[in-house]
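# Secondary and tertiary structure notes
The chain contents come next:
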Amino acid sequence: MDPSSPVLPATILEQTASRLGCSPADKKLAFHLDEEDELKHLRECFCIPKVKDLPPTDLTLVNGEESCIYFAGNSLGLQPKRVKTYLDEELDKWARTGVHGHFNGQRPWALADECVVDLMADLVGAQRHEVALMNGLTVNLHLQMLSFFKPTPRRYKILLEARAFPSDHYAVESQLRLHGLDVEKCMLTMQPREGCFVGFDLAHAVGNVDLHLHDWGVDFACWCSYKYLNSGAGGLAAAYIHEKHSQSIKPVLIGWWGHDFKTRFLMENKLQLSKGINGFRLSNPPILLVCALQASLEVFGQTTMKALRRKSILLTGYLEYLIKHYYSEDKRNPEKPFVKIITPPRVEERGCQLTLSFSLPIKSVFKELEKRGVACDMREPNALRVAPVPLYNSFHDVHRFIEILGSAITSSKQTANNTALSGSY
C-alpha cells in the first residue's frame, strides 16, 4: 500500500478478511496475503535460521526443524545466500592470482566499492558521486563532523535528538570536547535554527523506508549496512554529502584513497583531492565486506523501495492489528496481561519495527519467546523490539509470532504467580 494512502492497514485487513469469509485474526488471512505478495520470492534469497540452531531454544517446547521467527532485522539482517559464493570467488582469486586481484576480475579489489556504489545510491535517493562506501558508521560520522562543525563565537552548538543512540551521542560529545567546548552547554535537543547544517544517522532508515537524500537537500548522512541492508556484523558503512557542498566542504583528515583516481598511483604526494564525499575516503575498500554488501544490494535491485515499503506498511500493520486484537488492556479484567505499542501509530512516522511494552516482567516474556524460536531484541527497562522485514518475513511469520507470544505470556504469568506465592510463605 502507498504510504500516503488514506486507507489504513486495518481497513485493508478487515476488508480482505470479509471477502474471504473469515476473521482478520484467522490464519487463513495470513496465507492469503502471502499468496498475493508480489515480493514473496525474495525470501528465497536469504538463509533463514532453523529453530534448533538458535542457542536459547528449548526443543521440548517447539519443532526444531521449523524456520525461526526472525524479527531482529533492525539489529542484524539475515545472510543473503549469495554471500558465500562471492566470498569464495574472492578467496579463490587471492589464492590463484595474489596481488593481481587488485585490478582484475569482476570485483577488482582496488575498485570494489565502486562496483556497487550505484546500487547504494539508488537505495538512498542520491547521486552516485554523493555516496561513498567506507569505514564504519561512527568513523564516518566523525569525519563528516570534523568538516561540517566549525564552531564560532556565535554558532558553537550541536542539536541532537534526546536519548540518541550511543554511537551518535558519544561522537557529538567528543567533537565538542575536541573543540574545547562545554558539553552541557553546547549539546542541545531542540529544533535547529534556519541556516544550520543538518546531518542524519540513517542506520535504521536505509533499506527500511523510502529515502530521497538529494531531492530533500540533506547536507550529510551516514549509515551502517548490517541491519536492514543485511551485510553482516560490522559490515561496510556508507556516507553521503550533497553535491552542493562538493566545492566548499573538505575533509579534515585525509587518506590516500581520497586522492583523485587518475593520478592516485603516480605516488607524487601532491594531493589532488576528489570532489565531495569521495575526498573523504581514507584507504582501499575491504573486498570481503564488499562481497557481503553486494549480495544484499543485488536483492534490493530486484525490486524497489516503493514496493518494499508498500508491503512493509501492511506487514507491520498486520502485526499491530493482531497485538491490539489479542493483547489490548481490558479495564474490566485487570488480571489479563496486556501489551502496549509505544511506536507512533501513523505509518508515515515509523518503519517496519514496533516497540512493545508489557504488563508482565519484560525479561520473562523475552526469555519465553527465545525458548520458542523467536529472534527479537529487548531494551531496558521494559521494551521489546520486533521488526518484520519485508524482504524476508511473511504474513504467516507474523501470525506465528502472535501465537507464540500468547504461549510466552501465559508461561510468564504463571512464573510471576508462582514467584508471588512463594514469597508469601
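As the structure is a prediction and not an experimental result, all values here were calculated from the model. Residue indices follow the written sequence of each chain, beginning from 1 at its first position. Local features in this predicted model are restricted to residues whose pLDDT is 70 or higher, and side-chain atom pairs enter the listing and the counts only when it is 80 or higher, whereas totals over whole chains, interfaces and linings include all residues. The side-chain figures draw on all heavy atoms in the structure; neither hydrogens nor water molecules are used.

Of the regular secondary structure elements, the protein holds 13 helices and 12 strands. Taking 22 Å as the expected radius of gyration for a compact globule of 425 residues, we find that the protein reaches 24 Å, a close match to that expectation. Counting every position in the protein, which comprises 425 residues, the buried fraction comes to 50%. Contacts were defined at the residue level, with two residues in contact if any of their heavy atoms lie within 4.5 Å. Look at the contacts in the protein between residues 6 or more apart in sequence, and 68% of them connect residues 24 or more apart. In this description, accessible areas are obtained by the Shrake-Rupley approach with a 1.4 Å probe, and a residue is regarded as covered only by the protein chains that are shown. Carbon and sulfur atoms provide 54% of the accessible area of the protein, an area that totals close to 21,100 Å². Here a helix means four or more residues in a row that DSSP labels H or I, a strand means two or more in a row labelled E, and each is numbered from the N terminus. Only C-alpha atoms enter the radius of gyration, while the globule expectation follows 2.2 Å times N to the 0.38, with N the number of residues. Categorising residues by exposure relies on relative accessible area from a 1.4 Å probe, with only protein chains included: less than 20% of the type maximum marks a residue as buried, more than 50% marks it as exposed, and the intermediate range marks it as partly exposed.

Another aspect to go through is the packing of helix α3 (residues 82-97) against helix α10 (residues 287-300). Axis definition: a line fit to C-alpha positions, over the contact stretch in the case of helices; interaxial angles, taken between N-to-C directions, run 0 to 180 degrees. Two elements in contact, α3 and α10, have axes separated by 8 Å at closest approach and are oriented at 145°. In the packing of α3 onto α10, the handedness of the crossing is right-handed. Contacts from Arg82, Val83, Tyr86, Leu87, Glu90 and Leu91 in α3 reach Ile287, Leu288, Cys291, Ala292, Gln294, Ala295 and Glu298 in α10. Think of it as three bins: nonpolar holds Ala, Val, Leu, Ile, Met, Phe, Trp, Tyr, Cys and Pro, charged holds Asp, Glu, Lys and Arg, and polar takes everything else, Gly as well. Its residues assigned to classes, the contact of α3 with α10 comprises 9 nonpolar, 1 polar and 3 charged. Each crossing gets its handedness from the near helix: less than a right angle anticlockwise from the far helix is left-handed, clockwise is right-handed.

The next subject is helix α6 (residues 166-178). An expected span of 1.5 Å times one less than the residue number is assigned to each helix. Across its 13 residues, α6 extends 18 Å between first and last C-alpha, which sits within 8% of the 18 Å expected from 1.5 Å per residue. Here α6 has its buried residues at Ser167, Asp168, Ala171, Val172, Glu173, Gln175 and Leu176. Lining the buried residues of α6 we find α5 (137-148), β3 (158-159), α7 (183-186), β4 (187-188) and β5 (199-201). Just downstream of α6 lies glycine 180, where phi reads positive at about 70°.

This paragraph deals with the sheet that holds strand β7 (residues 238-241). Criterion used throughout: strands pair if DSSP finds at least two bridges between them. Across the sheet, 4 strands lie side by side as β2-β7-β6-β5; this open sheet has mixed pairing. Edge positions in the sheet fall to β2 (131-133) and β5, since each has one partner strand and no second. Neighbouring strand axes in the sheet, compared pairwise and without regard to direction, differ in orientation by 10° on average. For β2 and β7, the ladder comprises 3 bridges, and the chain directions are antiparallel. Residue pairing in the sheet places valine 131 in a bridge with tyrosine 240 of β7. Sheet strands in contact with α5 are β5, β6 (220-223) and β7, and its direction is about 165° off that of β6.

A side chain with one charge may pair with a side chain of the opposite charge, provided their charged atoms come close. Any carboxyl oxygen of Asp or Glu within 4 Å of a side-chain nitrogen of Lys or Arg constitutes a salt bridge here. Going through the model one piece at a time under the given rule, you end up with 28 salt bridges. The shortest N-O distance in the salt bridge between glutamate 114 and arginine 281 comes to 3.4 Å. You can see glutamate 114 sitting in the loop between α3 and α4 (117-124) and its partner arginine 281 sitting in the loop between α9 (261-264) and α10, a full 167 residues away along the chain. Given a relative accessible area of 29%, glutamate 114 falls into the partly exposed group. The exposure class assigned to arginine 281 is buried, which follows from its relative accessible area of 5%. With a closest N to O distance of 3.1 Å, arginine 346 and glutamate 349 form a salt bridge. Since its relative accessible area comes to 48%, glutamate 349 is described here as partly exposed.

This part takes up helix α11 (residues 305-327). A rise of 1.5 Å per residue sets the reference length of α11, with its 23 residues, at 33 Å; its end C-alpha atoms lie 32 Å apart and thus fit the reference within 8%. Of all 23 residues making up α11, 18 are buried, and the element is well covered by its neighbours.

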